Amino acid sequence: MMKGKQEEIQRIIDCGVVAVVRLSDSQQLLRVAEAVQRGGVSIIEFTMTTPNALKVLEESTAAFGEDVLLGAGTVLDAETARAAILAGARFVVSPTLSSALLSLSHRYGVAVIPGAFTPTEILTAWELGADLVKVFPAGALGPQYLRDILAPLPQVRLLPTGGVSLDNAGEFIKAGAVAVAVGGNLVDKRTVAEGNFALLTERARAFVVAVQEARKGGSK
């Protein structure tokens, strides 16, 4: 039975790592998802920039069921959000802020994570009902930027992405991020093309450990 939105948001926070995956077919996605899941990452954002993305999303959602929380990324408008949700997306992520996209996601009871960068954009996203706010591109200013944002806006739940690596993931958590989203530094096309899924598992495990250690106050 599908869990409620708040449980799924908590699942993202508890895991601490969202794998951002850009691949061309569902067979690759299935193997990638299995690999990163073995490493402890069961939250996957599958981008809508992939050809036949909705078909792949539908097939993959059916294949994984509750084992993997699969969401749609790079969603730019409400129409695409609706199509992704109907295809099985359990959360919707955008690189930008769209009030129409947030409203649509609320209507369907699906977690929505809009992208924002400036303090004004971040607060606006939160006031419009964002469940988490994607700080993008986070690598441009680094973990200190999150500290600066959260000083006057401690109520906002931030998810940095864009430039998150194994070297700085723990620092983003220590700076106040509720989780991190990782793209090519976790799942890159070359590693997938080479079929080195064991390396993906190893990377996923390393990111999870970095987040866990940071939450405990340890070193990366």
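These notes cover the structure that comes with them. From a predicted model like this one, the values you see are computed outputs, not experimental measurements.

**Some thoughts on the environment of Arg205**
Reasoning step 1: Its place among the elements puts Arg205 in helix α10 (residues 197-216).
Reasoning step 2: Aside from chain neighbours lying at most four places away, what touches Arg205 is Arg38 and Gly39.
Reasoning step 3: One polar contact links the side chain of Arg205 to the main-chain carbonyl oxygen of Arg38, over a distance of 3.5 Å.

**Points about the pairing of strand β3 (residues 69-73)**
Reasoning step 1: Most of β3 is tucked away, with five of its five residues classed as buried.
Reasoning step 2: The alternating pattern of β3 places Leu69, Gly71 and Gly73 and Leu70 and Ala72 on opposite faces, both of which are buried.
Reasoning step 3: In the sheet, strand β2 (residues 43-47) pairs with β3 via five bridges, with the strands oriented parallel. The residue of β3 that forms the bridge with Thr47 is Gly73.
Reasoning step 4: Crossover β2 to β3 through helix α3 (residues 53-64) is right-handed.

**Some details on the pairing of strand β1 (residues 17-21)**
Reasoning step 1: Counting buried residues in β1 gives five out of five residues, a clear majority hidden from the surface.
Reasoning step 2: Alternating positions in β1 separate into two faces, Val17, Ala19 and Val21 on one and Val18 and Val20 on the other, with burial throughout.
Reasoning step 3: Judged from the three bridges that link them, β1 and strand β9 (residues 180-182) form a sheet pairing that is parallel. Bridging from a neighbouring strand, Ala19 pairs with Val182 of β9.
Reasoning step 4: Two elements, β1 and β2, share three bridges in a ladder whose sense is parallel. By the bridge assignment for β2, Val20 is matched with Glu45.

Reading the values: rules and limits
Residues numbered from 1 in each chain as written. Predicted model: local features only at pLDDT ≥ 70, side-chain atom pairs only at ≥ 80, totals over all residues. Heavy atoms only, no water. Helix = DSSP H or I, 4+ residues; strand = E, 2+ residues; numbered from the N terminus. Contact = heavy atoms within 4.5 Å. Polar contact = N/O pair within 3.5 Å; in protein donor to acceptor, adjacent residues only side chain to side chain. Buried < 20%, exposed > 50% of the residue type's maximum accessible area, 1.4 Å probe, protein only. Pairing = 2+ DSSP bridges. Right-handed = clockwise from strand over helix to strand, strands pointing away.

Purely geometric numbers; function is a separate question.
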